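Spelled out, the chains give:
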Amino acid sequence: MPIASTGPARNPRNGTRVLGIETSCDETAAAVVTRSSDAKGEILANVVRAQWEEHRRYGGVVPELAARAHVECLDDIIAEAISRAGLSFAELDAVAVTAGPGLIGGLLVGAMTAKAIAAVHRLGLIAVNHLEAHALTVGLTEGLSPPYLLLLISGGHTQLLIVHEVGRYRRLGSTIDDALGEAFDKTAKLLGLGFPGGAAVEQAAATGRPGRFRLPRPMLGRAEPHFSFAGLKTAVRQQARARVPLAEQDIADLCAEFQAAVADSVVDRVERAMVLAAPVLKGARHLVVAGGVAANARLRQSLAATAARGGYRLHVPPPALCTDNAAMVAWAGAERLARGLTDDLQFEVRTRWPLDPSAPPALGAGKQGAKA
Ligand code: KG4
Ligand code: ZN
């Protein structure tokens with residue numbers, strides 16, 4: 001039961017204070033952040049309980065188990081966050097909760113809890129889009145405000161978007177099949193590296209050599225900055241099958257080549273998006289990377305070089321704020337609160353909730369993961 005938590009360096013008395021709750025997938029998380037009138041953010045508490053133990057034996061997230069685990073520990077996680085922040089519920093201004101996209105059971109647990117807290121303590125209530133929370137995290141970590149170009153790479157989503165302002169997004173590209181985190185997780189699974197897979201693949205790749213195995217670089221040169229990772233995963237399976245039993249070095253080399261293929265493909269797609277976004281962004285040439293896969297050091301390195309070549313500045317939150325957490329939810333809530341964008345007790349959770357509702361489905365998109 002890994003629980004990571006941090007407390008405040010100090011407890012400012014000014015600004016709005018928002019409790020954030022995240023239960024959309026397999027992390028139960030609560031956090032308290034403040035937002036000053038000049039839009040500076042500070043994390044007063046950030047508590048995350050990952051459910052890896054519950055799901056590991058199944059090799060993936062089991063929705064019913066996830067929901068039950070949220071029910072069992074959410075109250076304690078919230079109490080810990082409030083206590084670490086050195087506050088009482090009455091001293092908060094609002095509660096922000098992930099209302100989608102995600103797994104329905106977990107979303108309901110979080111939403112019911114947030115509504116109850118808001119009703120009892122007469123606090124503001126904000127239904128947060130989990131993708132928007134990832135998208136705005138750099139405002140909390142670096143004070144960066146839109147517009148910027150966003151690469152969102154997580155377990156359920158892989159998208160390139162222009163973030164015009166809070167609540168206004170234009171999707172430039174997305175995956176036509178698997179999300180990037182899903183490709184990492186499936187690769188890890190078929191190489192016997194366990195769950196969750198992304199960090200395990202990265203760790204195995206550290207002692208591997210790219211180039212010994214040859215994997216495809218999907219979508220290179222396509223005009224629209226879409227992604228595809230299903231074929232890459234299949235290629236890993238074929239290479240692995242051709243070599244069984246796999247020695248540790250084989251696994252390391254396959255992982256290193258997988259990461260190299262991913263980096264080449266993502267870099268190509270981001271370069272395309274940087275060209276498309278430049279006239280819209282004008283002077284604001286910022287490339288933001290968010291979502292769990294942004295924790296990958298190999299990818300961060302490649303993207304740093306890509307951004308520099310394209311005249312963009314790269315911004316990536318620290319790894320603990322790339323993977324799912326409630327500080328980003330609290331911050332997105334604070335940003336919405338500052339603009340008067342609050343919700344009432346009747347809001348409903350949404351398993352699907354695109355940031356750019358006007359974007360057509362990417363050609364070939366056969367499915368959408370439940371994760372965000
Ligand atoms: O954003 P996130 O925590 O949850 C979703 O909203 O999906 O992203 C989780 C994804 C998982 O697929 C996980 O394997 C991947 O992020 N991930 C990584 C790394 N750390 C987490 N992928 C590659 N390298 C990592 N170091
Ligand atoms: Zn996420």
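Quick caveat, the model's predicted, so the values are computed rather than measured.

Section: the packing of helix H5 (residues 180-190) against helix H8 (residues 248-281)
Remark: H5 packs on H8, axes separated minimally by 12 Å, with the N-to-C direction vectors making an angle of 170°. Taken together, the axes of H5 and H8 are roughly antiparallel relative to one another. Handedness of the H5/H8 crossing: right-handed. Here Leu-180, Ala-183, Phe-184 and Thr-187 of H5 come into contact with H8, specifically with Phe-258, Gln-259, Val-262 and Val-266. Across the contact of H5 with H8, the residue classes tally to six nonpolar, two polar and no charged.

Notes on the packing of helix H7 (residues 230-241) against H8
Two elements in contact, H7 and H8, have axes whose closest approach is 11 Å; the angle formed by their N-to-C orientations is 160°. One finds that H7 runs roughly antiparallel with respect to H8. In this structure, H7 meets H8 at a crossing whose hand is right-handed. Between H7 and H8, the residues in contact are Leu-232, Val-236, Gln-239 and Ala-240 and Leu-254, Phe-258, Ala-261 and Val-262, respectively. Here the contact of H7 with H8 is composed, by residue class, of seven nonpolar, one polar and no charged.

Digging into the side chain of Glu-22
As for its position among the elements, Glu-22 is in strand S2 (residues 16-22). A polar contact is formed between the side chain of Glu-22 and the side chain of His-130, at a distance of 2.9 Å. Every residue in contact with Glu-22, bar those within four places of it in the chain, is listed here: Glu-27, Thr-28, Ala-29, Thr-98, His-130, Asp-324, Asn-325, Ala-326 and Val-329.

A few points about helix H3 (residues 104-121)
Here H3 spans 26 Å end to end across 18 residues, near enough to the 26 Å set by a 1.5 Å rise per residue. Among all positions in H3, only Gly-106, Leu-107, Val-109, Gly-110, Ala-111, Thr-113, Ala-114, Lys-115, Ile-117 and Ala-118 are buried. Taken together, the buried residues of H3 touch S2, helix H2 (63-85), strand S5 (94-100) and strand S6 (124-129).

Here we look at the packing of aromatic side chains
Aromatic rings considered in pairs are described by the distance between their centres and by the relative angle of their planes. Following the criterion strictly, the structure yields two aromatic pairs and no others. Ring centres of Phe-184 and Phe-258 lie 5.0 Å apart, and the angle between their planes is 85°; this geometry places the pair in the edge-to-face category. With Phe-184 in helix H5 and Phe-258 in helix H8, the pair connects residues that are 74 residues apart, well separated along the chain. The two residues Phe-184 and Phe-258 agree in class, both being buried. Ring centres 6.0 Å apart and planes at 25° place the aromatic pair Phe-227 and Phe-229 in the stacked group. According to the relative accessible area criterion, Phe-229 is buried, its value standing at 0%. Across from the ring centre of Phe-347, 4.5 Å away, lies the NZ or CZ of Lys-115, which sits over that ring.

So, how was this worked out
Residues numbered from 1 in each chain as written. Chains lettered and ligands numbered in written order. Predicted model: local features only at pLDDT ≥ 70, side-chain atom pairs only at ≥ 80, totals over all residues. Heavy atoms only, no water. Axes fitted to C-alpha atoms, helices over the stretch in contact; angles between N-to-C directions. Helix = DSSP H or I, 4+ residues; strand = E, 2+ residues; numbered from the N terminus. Parallel < 35°, antiparallel > 145°, perpendicular 65-115°, else oblique. Left-handed = near helix turned anticlockwise from the far one by under 90°. Contact = heavy atoms within 4.5 Å. Nonpolar A, V, L, I, M, F, W, Y, C, P; charged D, E, K, R; others polar. Polar contact = N/O pair within 3.5 Å; in protein donor to acceptor, adjacent residues only side chain to side chain. Expected span 1.5 Å × (residues − 1). Buried < 20%, exposed > 50% of the residue type's maximum accessible area, 1.4 Å probe, protein only. Phe/Tyr/Trp six-rings, centres within 6.5 Å; stacked < 30°, edge-to-face > 60°. Lys NZ or Arg CZ within 6 Å of the ring centre and 35° of its normal.

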